[in-house]
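Tertiary structure, described
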Amino acid sequence: MAQHQHASPTPVGGSLINAATLVCGVLIAIMAAILLVRFVFGLGAVTNVNDGYSWGIWVVVDVMIGSALACGGFSVALLVYIFNKGEYHPLIRPALLASLFGYTLAGGGIFFDLGRWWNFWHIFWPGYVNANSVMFEVAACVTAYIMVMWIEFSPVFLEKLGLHDAKKKLTKALFFFIALGMVLPMMHQASLGTMLVVMGGQVNPLWQTPMVPLIYLLTAIVIGYGVVLFESCVAASAYRRKIEMHLLNPMSKVMLGVLAVYLLVRLADLLARGALGEAFKPNLQAVAFWLENLCFVAPFFLIGNVESRRNPARLFLAGIAIMLGGILLRLNGFLIGYGHHTGSGWTYFPSFTEVMVTTGMFSVEVLGYIIITRRFPVLPRENAQVAS
Amino acid sequence: MGEMNDIFKLGREALHGIEQRLGMSRRDYLQFCATLAVTMGLPKGADAAVAKAIESAKRPSVIWLHFQECTGCTESLLRAEHPTLEKLILEIISLDYHETLMAAAGHQAEAARKDAMKANKGKYVLVIEGAIPVKENGNYCKIGGHTAIDLLKECAADAAAVIAIGSCASWGGMPSTGPNPSGASSVAEVLGKPVVTIPGCPPNPYNFLATVVHFLTFGKLPEVDKLGRPKFAYSRLVHENCERRAHFDAGRFAMEFGDAGHRQGYCLYKLGCKGPETYANCPTLGFGDAGENNWPVGCGHPCIGCTEKGVGFAKPIHQLATMKNVAPPLQYARIVEEQGKGASFASAAALAALAGAAAGAAVMLTRNLGLSHAAAEAERAKSEGKPQDKARG
Amino acid sequence: MDSRRDFLKGVLASSAALTAAAVAPPACARETLSVPTGALGLLYDATLCIGCKACVAACKEVNNNPPEFSTEDHLWDTPLDTSGYTFNLIKMYRNGSMETKDAEVNGYAFMKTSCMHCADPSCVSACPVSAMTKDAVTGIVSYDPSACVGCRYCVVACPFGIPKYQYDSPTGKIGKCELCRHRTKDGHYSACAEVCPTGATLYGKTSDLLLEAKRRIALKPGSVTRYPRGKLGGPDQSYEGPVGKYLQHVYGEKEYGGTQVLKLSSVNFEKVGQPNLPPKSSAATSETIQHSLYGGLIMPIAVLGALSFIAKKNVHDEDDSDGNGTGEK
């Protein structure tokens, strides 16, 4: 049996000023300038959202896709704390960090898109809350989840700050927050999909189904593993560390398992509703549909057998494929597949400033990840560490 | 300047003759010709042609018959003032028979008519005012012992042109209002062939005058629509030229006579104005030579559609009109309009750059990972091979 | 051995949770709502409409909305669609030579676009902060900008594309027809119905309007009938007019459970921009899913309990290691 002895987490160290951080810094500065204009002059001044497509990339990419890509923490926690695969433990902190950042940014990013953002607290206030609204549930769960994740991640800060007693007390109650940190994402990731339901026939039948909460939940879990694959490879390469193949390899098997379940559910749903015909119409939606499912099927060809799973390059590509598939699923449901009737006649394509803000948001995440992994104990200690 | 030269071509003598004959100054005369040319919508310079036609000494004969009418059309003509009608019409044309205006009566009058018809055979203009009853063999209207039908057919036989003036002669008018006990019919129906019609109750006198002068000037009648109405006067709906149209477009309507909206001159559509389905030029010309605004709507009463068969004297005055021709502007919103901004160059370029950078980095990383994997596999194979060698060895 | 047992425990717990979920739904189905008895609304008869847009002008005036320009000369209010500043619009259907009014081929027709005041509004279900609410008595769907957060879920949810946002303002609001509820205290009713010259837009109780609509479609085309104007039951402004060729369908009677604004047309409804909607509202489907999954928070708490139980056992000291990573299991 593989040994479960793993190195304890340590800051990577090294300089914070390098090409990556500088580029991120510039992009963030541009984003800040654009946001200033947005808050002074309104959404129309910097975005292309219009009456036909009121939700653009700030909602669909920054918030929905951003949060889905942040599901690494949730997926790995499932493995470690529920299925008791303690051997994945070293993956927890980096995955959690990525999740923490992704969700905090998604939550913060909402403010850029809310037209009357100063009333945001209404979404939690009993006098205003509409409990029937899917969006209310998403907002409440995401906010709660962000708080839970900060609590889950606090041992890292407590460690760095040397507050060991506090850390011991926290650890006693940690199991509850960990459990909460799994229920909450299940709820809101599924509900992010349920948000499509009220739009009815405006969403193409390829993506509009009562099964949508299950579809979004399964893809969220699968994306989580994909993101872990992706980030492990990128971080290892960037910090010149070894890739934890002994962890990623078996994890990718789990990923394939969940992926298989998802694809079955998806196909069964399409057949049961007789919606598959839409995939053969000569239009953009059909192309997008095939692209999305190509990405979801690709991992079986990339890492379908034992041999290929030993190749980190293939694992990396499989991770990317899953992420792309998940991204496309959400993009297709809310943007590309949206618009029948009420959107007809309208075109939407993000403006340059819109794209720069989204880019800036992801830059914040990358920059934050770099700063925290270099200065806080997140990644496991490695013998041969070279500061880049 | 060019026009003046054309007019001088008429020669001092001719103009002097006109001054004496018509008793009007040269300037007034030229003004009249210009007015008539404009009324007919003729191109610039045509007023010279009009002047030339009128100055010729030969005055065509006109025979004017009255049947089922109220004489309103004649009265309308009598109100023309630029210049006064008796001077022009009695001098420009030879009005050889007109029951209201001529001095003679009885057998003398009928004799005059017959003589004129014989002397001008094939060359006189026949004007009909009033409808022709056809029931009971036309006995409902007899002049000099002859029925209107017979008179009409007799006079029309040798006429150069037949003009039906007024709604009654044009399509039956008021006498033909249901149940039409006398069978009042239009000139065209009785003759069995289309004629020029100048409908209206009464029509604007200048519509008739301009038609006659056109005939004199060019030797033929002006362009007419399929009902025989001159297009220069009857090709547009009243609604299209109405001065209150802006109120209609903005939804400002008078609801009752005398209410606030009515006092402010709002649209009279809700009071039954038939402008939207009536072809006439009343809003443009006005009546009584007092210019625009002097017409029913301008005075606050809805148009009753007096020129239009099936509308005037048929539809109740306050019944809502049917819109004949909506013809909205091009920018009237369609059911589906193309809107929204597509991809801009900057945006597409930025996305392409991002995608390119990401793809490039991914490809590089994949390659590196692949290479290091291949190296690791080679190492493994080598190290796996060695112990075996050792074992063997 | 231990790890396998724990794995199985995990699978069992999740299966239990999922089973609970599968059993719960039938009890939580949310039926499509229907039009309240005292509901107020409009009857729009496209065959009577002459496209004069008096209703568009009146709506702009009573709501203090600025003109919107779609031509180069900014002279006339010419919106191409409803927006945050245009709550009512008449659109024109065009086909071929556009000769005959209300003909589907080589004809033209008009269609009013404004809030349908649905019985089961998608916008009300979607709004997380109750900025969109439906009055229990009149059924009017109202908007409260002081509650609104500007998320625009109502904009994407509405099948008619009615709520629209003011993107040109940093403090933009949603704008839509609210049936002139702010004018009832002065004895007025919907401005569009008040000003309509032909009675194409008629105001009244939806139940009465539905009867009137059914009366009209049962008439013989070409015959003459009496058309009321303004408000049903109000001062008599009716007039006699010819009956057009109606489609045998009152739009809004059944769609998504019914709407308080009803429409009659000669041209196929989808061609004039009215979506083909089933009797079951999307709000009902959405809320059924939500109630089944989260009703009373029963399932979330059950799952939380199961997961807490398992997590407690699996969170070891290794999680708060101070440096010695002796992990077991």
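Residues numbered from 1 in each chain as written. Chains lettered and ligands numbered in written order. Predicted model: local features only at pLDDT ≥ 70, side-chain atom pairs only at ≥ 80, totals over all residues. Heavy atoms only, no water.

1. Re the nonpolar core
The following threshold applies: The term nonpolar core refers to a set of buried residues drawn from Ala, Val, Leu, Ile, Met, Phe, Trp, Tyr and Cys, joined through side-chain atoms within 4.5 Å. Accessible area is worked out with a 1.4 Å probe on protein chains only. A residue is then buried under 20% of its type maximum, exposed over 50%, and partly exposed in between. Each helix is a run of H or I in the DSSP string that is no shorter than four residues. Each strand is a run of E no shorter than two, and both are numbered from the N terminus. In this description, contact between two residues means that some pair of their heavy atoms is separated by no more than 4.5 Å.
Within the largest apolar cluster, 170 residues are counted, with the highest numbers of intra-cluster contacts made by Trp55(A), Met182(A), Met195(A), Met199(A), Met251(A), Phe334(A) and Tyr153(C). For this core, the leading source of residues is helix 7 (residues 212-238) of chain A, giving 16 residues. Every residue in contact with Met195(A), bar those within four places of it in the chain, is listed here: Trp55(A), Met64(A), Val134(A), Met135(A), Val138(A), Phe334(A) and Tyr153(C). Residues Leu320(B), Ala58(C), Tyr108(C) and Val243(C) belong to the second largest nonpolar core, which totals 69 residues.

2. Thoughts on the interface of chain C and chain B
Condition: Put simply, buried area is the surface a 1.4 Å probe can reach on two separate parts but cannot reach once they are joined, added for both. Definition used for salt bridges: Asp or Glu carboxyl oxygen within 4 Å of a side-chain nitrogen of Lys or Arg. Pairs of N or O atoms within 3.5 Å make up the polar contacts considered here, provided that, within protein, one atom can donate a hydrogen while the other can accept it, and that residues adjacent in sequence are counted only when both atoms are side-chain atoms. When residues are grouped by polarity, Ala, Val, Leu, Ile, Met, Phe, Trp, Tyr, Cys and Pro land in nonpolar, Asp, Glu, Lys and Arg in charged, and all others, Gly among them, in polar.
Opposite the 33 residues of chain C that make contact, chain B presents 22 residues. Summed over both partners, the interface of chain C with chain B comes to about 2,200 Å²; 62% of that surface belongs to carbon and sulfur atoms. Linking chain C with chain B are zero salt bridges, by the criterion used here. Where chain C packs against chain B, one counts five residue pairs in polar contact (both at pLDDT 80 or more). Elements that contribute at least two residues to the side of chain C that touches chain B include exactly helix 2 (54-62), strand 2 (89-94), strand 4 (107-113), helix 5 (191-195) and strand 12 (239-242) of chain C. At six residues, strand 2 of chain C tops the list of elements feeding residues into the side of chain C that touches chain B. Among the residues forming the side of chain C that touches chain B, the class breakdown is 18 nonpolar, seven polar and eight charged.

3. Regarding the packing of helix 6 (residues 164-194) of chain A against helix 8 (residues 298-314) of chain C
Filter applied, for reference: Between N-to-C directions, angles cover 0 to 180 degrees, with each direction set by a line fitted to C-alpha atoms, over the stretch in contact for helices. Angles are sorted into four bins: roughly parallel if under 35 degrees, roughly antiparallel if over 145, roughly perpendicular if 65 to 115, and oblique for all others. Left-handed describes a crossing whose near helix is turned anticlockwise from the far helix through less than a right angle; right-handed describes the clockwise counterpart.
Interaxial distance between helix 6 of chain A and helix 8 of chain C falls to 8 Å at its minimum, and their mutual angle equals 140 degrees. If you check the angle between helix 6 of chain A and helix 8 of chain C, you find them oblique. Helix 6 of chain A and helix 8 of chain C meet at a crossing whose hand is right-handed. Contact with helix 6 of chain A, carried on its side by Phe175(A), Phe176(A), Ala179(A), Leu180(A), Met182(A), Val183(A), Met186(A) and Met187(A), involves Pro300(C), Val303(C), Leu304(C), Leu307(C), Ser308(C), Ala311(C) and Lys312(C) of helix 8 of chain C and no other residues of that element. Residue composition of the contact of helix 6 of chain A with helix 8 of chain C, grouped by class: 13 nonpolar, one polar and one charged.

4. Things to note about a nonpolar patch on the surface
All names here are of chain A. Rule in force here: What goes into a patch is any residue over 30% in relative accessible area without a salt bridge, connected to like charges within 9 Å or, for nonpolar side chains (Val, Leu, Ile, Met, Phe, Trp, Tyr), within 5 Å. Each accessible area is a Shrake-Rupley estimate made with a 1.4 Å probe; only the visible protein chains count as cover when residues are assessed.
On the surface, a nonpolar cluster with roughly 380 Å² of combined accessible area is contributed by Leu36, Val37, Val40 and Phe41. Note on placement: Val40 falls in helix 1 (residues 19-41). Judged by its relative accessible area of 46%, Val40 is partly exposed.

5. Topic: the side chain of Asp120(C)
Residues and elements named next belong to chain C. With respect to the helices and strands, Asp120 occurs in the loop between strand 4 and helix 3 (122-126). Polar side-chain contacts of Asp120 include one of 2.7 Å to the side chain of Arg30. Setting aside its immediate chain neighbours within four residues, Asp120 contacts Arg30, Glu31, Thr32, Leu33, Tyr256, Ser281, Ala283 and Ala284.

6. A few points about the interface of chain C and chain A
Counting from both sides, the interface comprises 78 residues of chain C and, opposite them, 72 residues of chain A. When the buried surface of chain C facing chain A is broken down by residue, Tyr153(C), Val156(C) and Tyr167(C) rank first, second and third, together holding 11% of it. As a salt-bridge pair, Asp113(A) and Arg152(C) come within 2.9 Å of each other at their nearest N and O atoms. Run the count over chain C and chain A and you get 32 residue pairs in polar contact (both at pLDDT 80 or more). Of all the elements in the fold, those that place two or more residues in the side of chain C that touches chain A are helix 1 (2-23), helix 3, helix 4 (153-157), strand 7 (164-165), helix 7 (282-294) and helix 8 of chain C. Take the side of chain C that touches chain A: its biggest share by element is 10 residues, from helix 7 of chain C. Taken together, the residues that form the side of chain C that touches chain A break down as 37 nonpolar, 27 polar and 14 charged.

7. Section: the confidence of the model for chain A
The cut-off we apply is this: Scored between 0 and 100, pLDDT is the confidence that the predictor attaches to each residue.
In this model, chain A carries an average pLDDT of 88, and 96% of its residues clear a pLDDT of 70 or more. By mean pLDDT, the top-scoring element of chain A is helix 9 (residues 284-302) of chain A (96), and the lowest-scoring one is helix 3 (residues 72-82) of chain A (81).

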